[in-house]
Amino acid sequence: MYRELICIGCPMGCPLTVTVEEGKVTAVSGNICRKGKEYAEAECLNPTRTLTTTVKIKNAMYPLLSVRTSKPIPKDQIEACLQYLCGITVEAPVTIGQVIVEDVLQTGADIIATKSMARQR
Amino acid sequence: MYDVVVIGGGVIGCSIARELSRYALRVCVVEKEADVGCGTSKANSAIIHAGYDAAPGSLKAKLNVEGNPLFTELCQDLAVPFKRTGSIVVALDEKEVADLEALYERGRKNRVPGLRLLDQTALRALEPHISDQAVAALYAETAGIICPFTLTIALAENAYANGVEFFFNAEVKKVYALRPGAPRFLVKTDHLCLETRYIVNAAGVHADNISRLAGGDSFYLTPRRGEYCLLDKDQGSLARTVIFQVPTKMGKGVLVAPTIEGNLLIGPNAHNIEDKEDTGTTAAGLAEIIAGAKRALPSFDAQKTITSFAGLRAVPPQRDFLIYADSKVKGLIHAAGIESPGLTAAPAVAKLVREILAADGLKCKPKRNFNPQRPPVIRFSDLSFEEQSKLVRRDPSYGRIICRCETVTEGEIIAAIRRPLGARDLDGVKRRTRAGMGRCQGGFCSPRVMEILARELKLPLTQVTKQGGSSYLLAGPTKAPEETGKKGATNNGSL
Amino acid sequence: MEAYDLVVIGAGPAGLAAAVAAYEAGVKKILLIERDREPGGILEQCIHNGFGLFYFGEDLTGPEYAARFIQRVQERGIAIKLNTMVLEVTPDKWIIAVNKADGLLKIKAKAVVLAMGCRERTRGAIFIPGTRPAGVITAGTAQRFVNMEGYLPGKEVVILGSGDIGLIMARRLTLEGAKVKMVLELLPYSSGLTRNIVQCLQDFGIPLLFNHTVVAIHGRQRITGVTIAEVDPATKKPKPGTERLVSCDTLLLSVGLIPENELSRQAGIALDPVTKGPVVDDGMATSVEGIFAGGNVVHVHDLVDNVTREGEIAGRSAARYILNPKPAPSLKINTKAGAGVTYVVPQLIHPQQMAEELVLSFRVNQVFKDQKLVVALATGQGHKILGTKKRMIMVPGEMQEFKVKKEDLWAALGQEDSSSPLELTVSVPEEGEDHDV
C-alpha cells in the first residue's frame, strides 16, 4: 500500500511516498533528509496529536479554562476526547499543570490545565 | 392619533421631526431600520456645501443656500462638531479655468457668499499637497465638514426630547388613505397601525414606493451608488479644505476631504443601479475613486484605507428635490429625491415642509417648552488632562478605555446606550461614540462593546447584533448545551 | 505623579521578557503597564501548542509559555498595572495612562520599553468589496471569542489567508463544531507552517486553495456568502470567469498583522515604512533616546521565542541606559535589505556597543530553494563579504536569521574612517550574480 504525505519537518514540505506492507513502513521516497523518513513512519503507523482545547470553568475570570493532553494521543481518539470534555466543568481555583481528567478515555494521557485561574469574588 | 407621521428616519426625516417638535403637534417617525440615519445619511460626502453647484432657480439651489448658514446655530444647539473648512474646485488644466468662472457666476446667481477665484500661488498656499497640474481654483469659504450620523442622531435625540415618538424596525407596508374627514390615513407596519392626519414622505431611495403605497403621485427615484474610502488619520492633514474637481457631464466628480474626526475621505463615483438595497462596493469602483482622487491630491496613500463603503443617492427624474404636497392625495407631503446637497439643505427642507403642512391646514402653534438644545456628549479624548482626571474620579467607567484606536471609554459607551434613542447595537454604539471606527475596525473593542451592550440592555451576548434584525454577531456558545447534555451528568466531579 | 526607572508598555511576551531582563541587569524600580485584565498578551488566547521550542526546548501552549514569564515577573516583585491604557508617551519619557482605580496617571520614567505588540489587518485595509454585514471577523478576534469567552462566531466558515492564525483557527472552529468550508490564499504558497497545514487542514479535510481570494461579500444583515475567484499569480488580479459563489455565515480574515505604533508616532519615534515598527539599533533602541522597543511592535514575528529574545535585549539595553545614561556612540552602520530581501532588523548597528553576537532578522520576498544568502559590508573602500550561507529553503512566511560576530564586523570595518557611510546589506543574489563587487 502506498500513502502520499507532506513532510512537516520544515518549510520544504517534501512530498513523501510511503510504502506500507504488513503494518510496516518498507520504503519512503521524496524526502531529502532524515526527518522525512521518521515523520512518514510515525504518521503511517501510529499517527498522534496533542489535543489542545478548553473546558468550562466556574467562578473564574473567564468561562473557559485552556487544557491539553499531557502527551500526544492517537489521532482517531481526538473527536471522542472532545465530546467527552464537553461534559466537563471545573471550578476555580485551578493551577497550571493540574490534572483535570486522568487517563482520558484510556489513552494513557491526562488532560491538564495550561493556565492558572484564580477564584473570582 | 397623530398629526404627522414622518416616514423615514434619515437626516431629512429627523430634521423635519425636530422642526415639527417646536409646535404643539403629535408627531412620530417610523423607520424601517434599527436606528436613525441608516440609509443615505450614513454614507455620503459629509459636506456642508456652499451652494454654487445647483442650477439657479432650482429648489436645490435655494435650499442649499438657505440651509448652509443655519448650521452654525444648529450645530451649537445640538452640540454637533462642525467646521467651516471652506471648499475648493480645482482646475486641472487651463481649459478648466473657464469652468471655474462659470461656477463662480452660477454661485453669484445663487447668492452664495464668500466665493473667490484663486490663482495657482494662492491655491498652493491653501492646499500644499494639491496636484502640480492644478492651475487655479474656486474657493467657497462657507463650505464645511460635519459628521452626518452625529447630526442625524442629534436631530433625532432633540426631536425625541421635545416629544416626537420614534418607531424602529418599522417598515411601512401599507398606507390607507381614508375618506374625507379625519383621520385621513392609516399607516401600517408589521407591528403598528398608526392613524394620522398628515404623512411626510422622507423615505430616501424608497420615497417613490411610499408614494405608490399611499396612492400618490407616480415618480421614480433612481438609486445612484457612490463609493467611498475612509483613510487613516495620518492622512487627514493632506487636505485642509474640501477639494472638488471641475464637474463634468459624469457628475461632480471625486472629492477629497478631511473629515471632522481628522480622517481623509475620498469619493464618490456615481453609478445607477437597480437594487435599492445594494450598498455593496466593487473592486472597479474603489479603483475608480482612488484614481479619481489622485488627480487632485496625488500624495495620499491608498493603502491607508481603513474602510470603504457605498451609499445610494435618490436621484429624482428632473434632478431637483421633490418637496411638495401630493397632487392626488391630500395630506401627503413629499420630501423626496433629496440627493446632494441634501445634507446641507436638510434644515431648510424641514422649514419648507413645515410651511407646506401649514399651508395645507396643519395648525402649527409654537410650544413654549421647546428646548432647542441637546445635552452635550462627553468625549473623553477631547478633554484636557485635568478634565479627564476629574471625570474619571467622578465616574470610574471613564477610566476604562474600550476602543484603543479612537480612545473611547466605557463611560461614553454606557452613555450612548442610555441616552434618549440610545444605541441598541454595535453600529449604533460606533456611530455615537466612534468605538470601532478606527484603524483596527473593532477588532479589539467589539467583544468589549458587545459585553457592555448585553449588560446594559439585559440581553444574552448572542442576541447582540451589528445593526439590528438578523445581524447577529455570534452563532452561540461553544460547548453547546446539547452536546454537554450527552455526557454531562456522569463526568462531573472528575476533580 | 509616580516615578519609575523603567516603564514597560505592554505585558505580553516582549514586555514580560524586557521587565525581567532589566531587573536582572540591575534595575529594580520597574512598572509594567497592561491594558488587558491579565498579563500574557495574545498568548493567553493561543491555547495551541508549538511555543517555546527554541527558548525552552519544550513544546508549550501559549498560556503555559506566558505563565513562565508571568511567574518570573511575580517572583521579582515587579509592579504591574492591569486594565490600564497608556494614552501618551512623550519624548522626555512621561507616560500618561488611565485606569478605573487610579484615574489619570502621570508617570515619569528614566527609560521606556515599548512592547505594544501588533494588531490585525482588516477587511478595509485589503479592499474586499461588497456589502458590510455582520459575520466578517478577524481571526484573532474569533480566537478570543472561541478560546476565552466561549462563543462560536459562526457555523459555516470561509477563511481568507493561510497564515498560521488562519490555519490554527480552522482547526479550532472545526473542533468546536463549525464547518470550515475552505481556506483561500492569494499567494501560490502558504505563509503558515507545513505542520499547521497538515494538522489543521488536512486532518479535517479542509481544502486550501492557492491563488484564490474573496472578490465580494454578500448579505445585508448577516453575511450569506462570498464570491471567490482565482487570481493571476503574476498580477494578483482575479481571473474573469473563475468567480463562484460560496455560501457561508462567517468570513474569517487572517490577512496579516501590523505593529501597533500609535504611541511611538506620538512620541516622535522614527518608523520603518516596511516593518511599520520603530527603527531600532542592535540594542533595540529607537530614535528617541531612552526609549526602546521589542517584539511585534518592531516587526511581526512568527515565533514567540524571538519576541522574547528581542524583549530581553530591549530590557537589558534600557537597564544599561538607566544605570549610565548616555546617547549612542556616533559610529553606526545602517543595515539594508538587498535583492530578494524585504527588510532587515535592526536597521542600525553601533559596533562600539554591540554585543559579542548580533542576530540580523529579515524576511525574503519570495520562495528561494537552494539559494545563497550574502551579508556584505559597504565601506568607503568597497564591499566586504561578512558571510554567505547556502539555505535549503527560505520562504517569506518564515523569518530568517543571520548571526554577525562583533569581531568579524570589526575586522571588516578595519581602519574605517567613521565619517563615511557604512552599510550592511543582506541579499539573496540571483544565481551566478557576482556579489564580490
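Residues numbered from 1 in each chain as written. Chains lettered and ligands numbered in written order. Predicted model: local features only at pLDDT ≥ 70, side-chain atom pairs only at ≥ 80, totals over all residues. Heavy atoms only, no water.

1. As for the environment of Val20 of chain A
Of note, Val20 of chain A is situated in strand β2 (residues 15-21). Setting aside chain neighbours within four positions, we find Val20 of chain A in contact with Met1, Val25, Cys44 and Leu45 of chain A. (Helix = DSSP H or I, 4+ residues; strand = E, 2+ residues; numbered from the N terminus. Contact = heavy atoms within 4.5 Å.)

2. Let's talk about helix α9 (residues 385-394) of chain B
Among all positions of α9 of chain B, only Gln388, Ser389, Leu391 and Val392 of chain B are buried. Axial view of α9 of chain B: buried residues confined to an arc of 165°, hence all on one face. In this structure, α9 of chain B carries Glu386, Lys390, Arg393 and Arg394 of chain B as exposed residues pointing more than 90 degrees from its buried face. On its buried face, α9 of chain B is in contact with β6 (85-89), β7 (94-99) and β8 (103-114) of chain C. (Buried < 20%, exposed > 50% of the residue type's maximum accessible area, 1.4 Å probe, protein only. Arc of directions from axis to C-beta.)

3. Focus on the nonpolar core
By size, the foremost hydrophobic cluster in this structure holds 65 residues, and its most contacted members are Leu6, Val7, Val8, Ile9, Ile30 and Ile95 of chain C. Per-element tally for this core: the top contributor is helix α1 (residues 13-24) of chain C, with eight residues. Composition of this core by domain shows at least three residues from each of domain 1 (2-119 + 257-328) and domain 3 (341-427) of chain C. The contact partners of Ile9 of chain C, leaving out residues within four places of it in the chain, are Ile33, Val86, Val89, Val112, Val113, Leu114, Ala115, Met116 and Leu263 of chain C. Listed in part, the 52 residues of the second largest apolar core include Val36, Phe71, Ile323 and Leu357 of chain B. (Core = buried A, V, L, I, M, F, W, Y, C linked by side-chain atoms within 4.5 Å. Domains from an automatic or database assignment.)

4. A closer look at the interface of chain C and chain B
With 44 residues of chain C in contact, the opposing surface of chain B contributes 57 residues. Roughly 4200 Å² is buried in total at the junction of chain C and chain B, and carbon and sulfur atoms are behind 56% of that figure. When the buried surface of chain C facing chain B is broken down by residue, Lys100, Phe127 and Arg132 of chain C rank first, second and third, together holding 17% of it. Where chain C touches chain B, the interface holds seven salt bridges. The closest approach of N and O atoms between Arg220 of chain C and Glu33 of chain B, which form a salt bridge, is 2.5 Å. Put simply, the parts of the chain that give the side of chain C that touches chain B at least two residues each are β6, β7, β8, β9 (118-120), α3 (139-149), β11 (151-152) and α6 (262-266) of chain C. (Buried area = accessible area lost by both parts, 1.4 Å probe. Salt bridge = Lys/Arg side-chain N within 4 Å of Asp/Glu carboxyl O.)

5. Looking at the sheet that holds strand β22 (residues 341-345) of chain C
All names here are of chain C. Spatially, the three strands line up as an open sheet ordered β22-β24-β27, and their pairing is antiparallel. Two strands in the sheet have a free side with no partner beyond their single neighbour: β22 and β27 (400-405). Strand-to-strand twist in this sheet, taken as the mean axis angle between neighbours without regard to direction, amounts to 25°. Here strand β24 (residues 357-364) pairs with β27 via six bridges, running antiparallel. The partner of Phe362 across the bridge, within β27, is Gln400. (Pairing = 2+ DSSP bridges. Axes fitted to C-alpha atoms, helices over the stretch in contact; angles between N-to-C directions.)

6. A few points about the environment of Ala170 of chain C
Residue placement: Ala170 of chain C occurs in helix α4 (residues 164-175). A C-alpha to C-alpha distance of 8.6 Å links Ala170 of chain C and Val157 of chain C, two positions 13 residues apart in sequence.

7. Considerations on the packing of aromatic side chains
Residue and element names in this part refer to chain C. One pass over the full model with this rule turns up nine aromatic pairs over all chains. When the ring of Tyr55 is compared with that of Phe69, the centres are 5.6 Å apart and the planes differ by 55°; the resulting orientation is tilted. Placement of Tyr55 in the loop between β3 (49-51) and β4 (60-61) and of Phe69 in helix α2 (residues 62-75) is noted, with a sequence separation of 14 residues between them. Note on Phe56 and Phe69: the rings are 5.8 Å apart at their centroids and 55° apart in plane angle, and the pair reads as tilted. Taken as a pair, Phe56 in the loop between β3 and β4 and Phe69 in helix α2 lie far apart in primary sequence, 13 residues in all. The buried category is assigned to Phe69, whose relative accessible area is 2%. (Phe/Tyr/Trp six-rings, centres within 6.5 Å; stacked < 30°, edge-to-face > 60°.)

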